[in-house]
Amino acid sequence: MISGRRAHNGGLRPCLCAFRRVLASIVSVVSSQPQAILQEVFGYTAFRGQQQAIVDHVVAGHDALVLMPTGGGKSLCYQVPAIARHRAGLGVTLVVSPLIALMHDQVGALEEVGVHAAFLNSTLTLDDTQRIERELMSGRLVLLYAAPERVTNLRFQAQLASLYERGLLSLFAIDEAHCVSQWGHDFREDYLQLSVLHERFPDVPRLALTATADDQTRADMIERLDLQSARVFISSFDRPNIRYTLVEKDNPRQQLLRFIRDEHDGDAGIVYCQSRRKVEETAEWLSQQGISALPYHAGLDAAVRQRNQNRFLREDGLVMVATVAFGMGIDKPDVRFVAHLDLPKNIEGYYQETGRAGRDGLPADAWLTYGLADVVNQRRMIDESPASDEFKRIQRGKLDALLALAEAHDCRRVRLLDYFGEASQPCGNCDNCLHPPATWDGTEAARKLLSCIYRFWQHGQQRFGAGHLIDVLRGKHTDKVAQYGHQTLSTFGIGADLSDNHWRAVLRQLVALGYVVAEGEFNTLALTDGARAVLKGAVQLTLREPTEAPKRTRGRTPQSGAKAAMLADLTGDALVRFGELKAWRAEVAREHNLPAYLVFNDATLADMARTVPQTLGELAQISGVGAKKLQAYGEAILQVMGR
Ligand code: ADP
Ligand code: ZN
């Protein structure tokens with residue numbers, strides 16, 4: 001059950017505190033049961049996955065490192081223990097979180113369910129700060145959110161020390177713990193200072209959480225946060241409700257538009273682009289096409305950025321077009337799609353970005369379009385970066401894994417999970433499972449292409465780009481062919497049987513597989529050492545057929561895809577009730593200055609519309625309706641539903 005600290009540093013203080021804690025834990029033994037808290041406070045019937053084991057471990061006062069995918073339900077892993085331990089008289093939980101912008105909503109969500117929480121950061125007025133500090137010192141506060149830089153602040157340290165002396169410092173939760181690792185993609189200098197918490201308050205249990213899990217980052221977290229003795233909880237990284245689709249680029253804007261119109265009309269989504277300019281252009285273009293889209297990137301004025309983020313979180317059905325600067329800590333649960341117009345850097349990045357879709361567990365799409373230029377650009381960015389050779393080598397390996405995913409003909413999910421060390425079976429919910437791509441024996445074609453590059457070099461010690469290469473293979477008499485005398489090459493016209501598009505696909509796959517590199521300002525092509533084996537016929541190559549026209553069977557009608565699945569059984573009256581409940585929710589959200597989903601999420605509203613509860617008792621049975629919300633909104637909801 002709930003126990004206090006594992007060890008004491010001596011002195012008189014612990015004796016009294018320990019007594020108080022034992023007394024408190026006996027008194028509150030029923031209401032501090034995690035299961036009871038989950039139901040009464042959050043209105044959920046059961047823990048998910050490993051939540052229960054983690055919560056029990058932490059409530060009992062042990063350290064833990066939690067690796068759970070985005071949307072897996074990390075917050076409850078520290079919120080339930082925080083409540084349990086506070087009820088047992090153990091005081092406040094300090095949550096370290098890197099994103100000031102989101103603390104407000106997290107605290108708002110807790111206050112909505114009746115948990116006393118607050119944040120301390122630089123956006124507060126002096127009055128507010130002092131008020132919160134008083135709450136903190138009184139021991140009434142259950143959770144306090146703070147940015148990492150605050151932890152080293154001397155005044156704050158003194159406050160923590162005072163709480164500690166009085167046995168009122170219950171737990172440290174370190175969110176986004178991968179920020180402590182230089183290998184991770186979100187390294188934050190301030191996170192290195194967090195070891196001070198353990199040094200000064202050694203017997204306060206700690207819980208570090210992250211959605212990023214490669215071995216190196218994991219080892220770094222354990223070392224830098226002194227978590228050697230913590231139990232490590234690794235959840236499955238599968239997000240079964242997300243459908244992965246990776247398509248070849250063929251007029252990407254139109255592809256994106258069709259994807260949004262056909263499958264996500266009126267849905268909230270994120271579109272990732274690599275450059276700031278492309279973000280702005282794409283957002284503007286989508287708006288012109290009648291899709292409500294906003295831009296977000298680090299170059300925008302901070303106020304504009306904040307406003308766009310707030311609108312995205314608070315309004316229904318907005319599309320955010322953004323660089324990777326957007327998204328960390330965005331816990332909007334009803335993002336129905338994440339689209340990539342450019343290739344991410346690696347699978348970790350891809351998985352984290354796509355993981356922002358469908359956190360509510362309802363169907364969602366991860367859609368990416370990529371082409372030869374993406375492959376070439378990503379390779380070049382690594383080559384030209386000022387990083388060490390060792391770092392570049394690691395980055396190249398990571399890019400290769402991503403390219404292999406993009407070119408895969410088998411289940412995408414099996415590959416993704418395999419990358420994170422998890423074995424699985426074909427999922428039935430990715431493009432390759434749903435529409436197995438045609439493959440062909442591309443060995444001969446690959447040899448033709450590689451030998452053409454080789455002949456260029458042999459002929460005039462020169463390299464050429466993709467366009468000219470394909471012209472020569474197809475035997476086109478262009479000016480450039482005449483200029484270099486390439487009509488005399490033995491490879492001239494040997495590929496007339498395949499279309500431009502087909503050759504482009506072959507080349508892209510050969511670059512992805514590492515047989516060809518594109519270099520320099522003009523992306524001229526050269527063979528790698530590995531190409532020799534293919535030229536000699538020692539390697540058999542099974543390639544993907546290019547998709548001449550995008551083939552998607554889903555989404556021809558407006559109400560298809562993820563949204564339809566959620567609303568499928570909402571017909572007639574139920575659909576009307578759902579609309580009315582949403583309108584009511586929007587009003588409440590505005591009044592409380594909170595995103596609508598924090599009042600109730602879509603799934604909860606849909607349940608209400610479907611089951612039409614007639615009494616408060618029936619309403620309480622619906623997942624997502626806890627005691628506080630029942631009390632605050634129960635009557636109003638019954639009225640909306642025309643009781
Ligand atoms: P993470 O931080 O791991 O990305 P969150 O903590 O934001 O995930 O949880 C994602 C969503 O799942 C939230 O809307 C949360 O309320 C919901 N959720 C988490 N655990 C449960 C549970 N046991 N039952 C029902 N919903 C849950
Ligand atoms: Zn699959």
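Here is what the cut-offs are and how they apply
Residues numbered from 1 in each chain as written. Chains lettered and ligands numbered in written order. Predicted model: local features only at pLDDT ≥ 70, side-chain atom pairs only at ≥ 80, totals over all residues. Heavy atoms only, no water. Donors = N, O, S within 2.8 Å, 3.2 Å for Na, K, Ca; no water. Tetrahedral: all angles 85-135°; square planar, octahedral: opposite > 155°, others 65-115°. Helix = DSSP H or I, 4+ residues; strand = E, 2+ residues; numbered from the N terminus. Buried < 20%, exposed > 50% of the residue type's maximum accessible area, 1.4 Å probe, protein only. Domains from an automatic or database assignment. Buried area = accessible area lost by both parts, 1.4 Å probe. Polar contact = N/O pair within 3.5 Å; in protein donor to acceptor, adjacent residues only side chain to side chain. Nonpolar A, V, L, I, M, F, W, Y, C, P; charged D, E, K, R; others polar. 1 Å grid on protein atoms, 1.4 Å probe; cavity = no way out; pocket = protein on both sides within 12 Å on 5 of 7 lines; lining within 4 Å. Points joined across faces, edges and corners; volume = space filled by probe spheres on them. Near = heavy atom within 4 Å. Areas by Shrake-Rupley, 256 points an atom, 1.4 Å probe, with all protein chains shown as cover. Pairing = 2+ DSSP bridges. Axes fitted to C-alpha atoms, helices over the stretch in contact; angles between N-to-C directions. Contact = heavy atoms within 4.5 Å. Salt bridge = Lys/Arg side-chain N within 4 Å of Asp/Glu carboxyl O. Parallel < 35°, antiparallel > 145°, perpendicular 65-115°, else oblique. Left-handed = near helix turned anticlockwise from the far one by under 90°. Expected span 1.5 Å × (residues − 1). Arc of directions from axis to C-beta. Phe/Tyr/Trp six-rings, centres within 6.5 Å; stacked < 30°, edge-to-face > 60°.

Colleague: Even after reading the chapter, I still don't get the coordination of the zinc ion (ligand 2), so can you show me in this structure?
Modeller: Tetrahedral coordination by four donors puts the ideal angle at the metal at 109.5 degrees, and octahedral coordination by six puts it at 90 or 180 degrees. Around the zinc ion (ligand 2), the protein supplies Cys 411 (SG), Cys 427 (SG), Cys 430 (SG) and Cys 433 (SG) as donor atoms, at distances of 2.3 to 2.4 Å. For the zinc ion (ligand 2), the four donor atoms in the first shell make angles of 102 to 119° at the metal, a pattern classed as tetrahedral. Here the donor residues of the zinc ion (ligand 2) are spaced in sequence according to C-x15-C-x2-C-x2-C. You can see Cys 411 sitting in the loop between α15 (389-407) and α16 (412-419) and its partner Cys 427 sitting in the loop between α16 and α17 (431-434), a full 16 residues away along the chain. Note on Cys 411: relative accessible area 6%, which makes it buried.

Colleague: In this structure, what is going on with the domain arrangement of the protein chain? I would like to understand it.
Modeller: Reports of interface size often rely on the accessible area that becomes lost once the parts have come together. Domain boundaries in the protein chain define domain 1 (2-234), domain 2 (242-437), domain 3 (440-544) and domain 4 (569-640). Using only C-alpha atoms to locate each centre, domain 2 and domain 4 end up separated by 32 Å. For the pair domain 2 and domain 4, the two sides together bury roughly 690 Å², of which 53% comes from carbon and sulfur. At the junction of domain 2 with domain 4, the criterion picks out one residue pair in polar contact (both at pLDDT 80 or more). The residue makeup of the side of domain 2 that touches domain 4, split by class, is three nonpolar, no polar and five charged.

Colleague: Would you mind going over empty space enclosed by the protein with me for this structure?
Modeller: Rolled over the atoms, a probe sized like a water molecule indicates the empty space that remains. The final tally for this structure, using the stated rule, is two cavities of 30 Å³ or more. Of the voids in this model, the largest cavity is the one considered here, and its volume is about 90 Å³. Among the residues making up the lining of the largest cavity, the classes are represented as six nonpolar, four polar and two charged. Each pocket or cavity is described by its volume, and for the second largest cavity that value is around 30 Å³. Every residue along the wall of the second largest cavity is listed here: Leu 313, Arg 314, Asp 316, Lys 332, Asp 334, Arg 585, Ala 596 and Tyr 597.

Colleague: Whenever I open this one, the site of ligand 1 confuses me. Can you help?
Modeller: Neighbouring residues of ligand 1: 14 residues in total, closest Tyr 44, Gly 71, Lys 74, Ser 75 and Arg 359. Between ligand 1 and Ser 75 there is a distance of 2.7 Å, counted from an oxygen atom to a side-chain nitrogen or oxygen. Within the side chain of Arg 359, one N or O atom sits 2.5 Å away from an oxygen atom of ligand 1. Taken by itself ligand 1 offers 560 Å² of open surface, and the protein chains cover 84% of this. The leading source of residues in the shell around ligand 1 is helix α4 (residues 74-87), at three residues. When grouped by side-chain class, the residues that make up the shell around ligand 1 number five nonpolar, six polar and three charged.

Colleague: So what exactly am I meant to see when it comes to the sheet that holds strand β2 (residues 92-96) here?
Modeller: Within a sheet, each strand pairs with its neighbour through backbone hydrogen bonds, oriented either parallel or antiparallel. Here we have seven strands laid out as an open sheet, ordered β3-β4-β2-β5-β6-β1-β7, and parallel in their pairing. Both outer strands of the open sheet, β3 (117-120) and β7 (231-234), are each paired with one neighbouring strand and no more. The average undirected angle you get between the axes of adjacent strands in this sheet is 20°. Here four bridges tie β2 to strand β4 (residues 143-146), and the two strands are oriented parallel to one another. By the bridge assignment for β4, Leu 94 is matched with Leu 144. Lying over the sheet, helix α3 (residues 51-59) contacts β1 (64-67), β5 (169-174), β6 (206-210) and β7, oriented at roughly 160° with respect to β7. Along the sheet, α4 contacts β2, β4, β5 and β6; its crossing angle with β6, the most-contacted strand, is approximately 160°.

Colleague: Teacher, can you tell me more about the pattern of salt bridges here?
Modeller: Side-chain pairing between opposite charges can occur once the charged atoms of the two side chains come close. In total, this model carries 30 salt bridges according to the counting rule given. Residue Arg 508 is joined to Glu 248 by a salt bridge in which the shortest nitrogen-to-oxygen separation is 4.0 Å. Placement of the pair is Arg 508 in helix α21 (residues 500-512) and Glu 248 in strand β8 (residues 242-248), with a sequence separation of 260 residues. This pair shows no difference in class: Arg 508 is buried, exactly as Glu 248 is. A salt bridge links Asp 374 to Lys 249; the shortest N-O distance between them is 2.8 Å. One end of the pair, Asp 374, is in helix α14 (residues 372-384); the other, Lys 249, is in the loop between β8 and α10 (252-263), and 125 residues separate them in sequence. You can call Lys 249 partly exposed: its relative accessible area is 27%. One connected set of salt bridges, linked through shared partners, spans Lys 249, Lys 278, Asp 342 and Asp 374.

Colleague: Is there a simple way to explain the packing of helix α19 (residues 466-474) against α21 in this structure?
Modeller: Each packed pair of helices is defined by two parameters, the angle between the axes and the distance between the axes. Interhelical geometry of α19 versus α21 gives an angle of 125° and a closest axis separation of 10 Å. Taken together, the axes of α19 and α21 are oblique relative to one another. Seen from above, α19 lies across α21 with right-handed handedness. Across the interface between the two elements, Ala 466, Gly 467, Leu 469, Ile 470, Leu 473 and Arg 474 of α19 pack against Asp 500, Trp 503, Arg 504 and Leu 507 of α21. For the contact of α19 with α21, a count of residues per class yields six nonpolar, one polar and three charged.

Colleague: Please explain the environment of His 116 as it appears in this structure.
Modeller: Relative to the elements of secondary structure, His 116 occurs in the loop between α5 (100-112) and β3. Separated by 24 residues in the primary sequence, His 116 and Arg 140 have C-alpha atoms spaced 7.5 Å apart.

Colleague: Would you take a moment to explain helix α6 (residues 126-138) for this structure?
Modeller: End to end, α6 covers 18 Å across 13 residues, agreeing with the expected 18 Å (1.5 Å per residue, within 8%). By the burial criterion, the buried members of α6 are Thr 129, Ile 132, Glu 133, Glu 135 and Leu 136. Summarising the axial view, the buried residues of α6 lie within an arc of 160°, below the 170-degree limit, and thus occupy one face. Facing away from the buried side of α6 by over 90 degrees, the exposed positions are Leu 126, Asp 127 and Arg 134. The secondary structure elements touched by the buried residues of α6 are β2, β3, β4 and α7 (154-165).

Colleague: I tried to follow the packing of aromatic side chains on my own but got confused; where do I start?
Modeller: How two aromatic rings sit relative to each other is given by the distance of their centres and the angle of their planes. Counted under the stated rule, the structure contains 16 aromatic pairs. With a centroid separation of 5.6 Å and 90° between ring planes, the pair formed by Phe 259 and Phe 337 is classed as edge-to-face. A residue pair is termed long-range when its members are at least 10 positions apart, and Phe 259 in helix α10 and Phe 337 in strand β12 (residues 335-340) qualify at 78 residues. Taking the relative accessible area as the measure of exposure, Phe 259 reaches 2% and is therefore buried. Residue class for Phe 337 comes out buried when judged on its relative accessible area of 0%.

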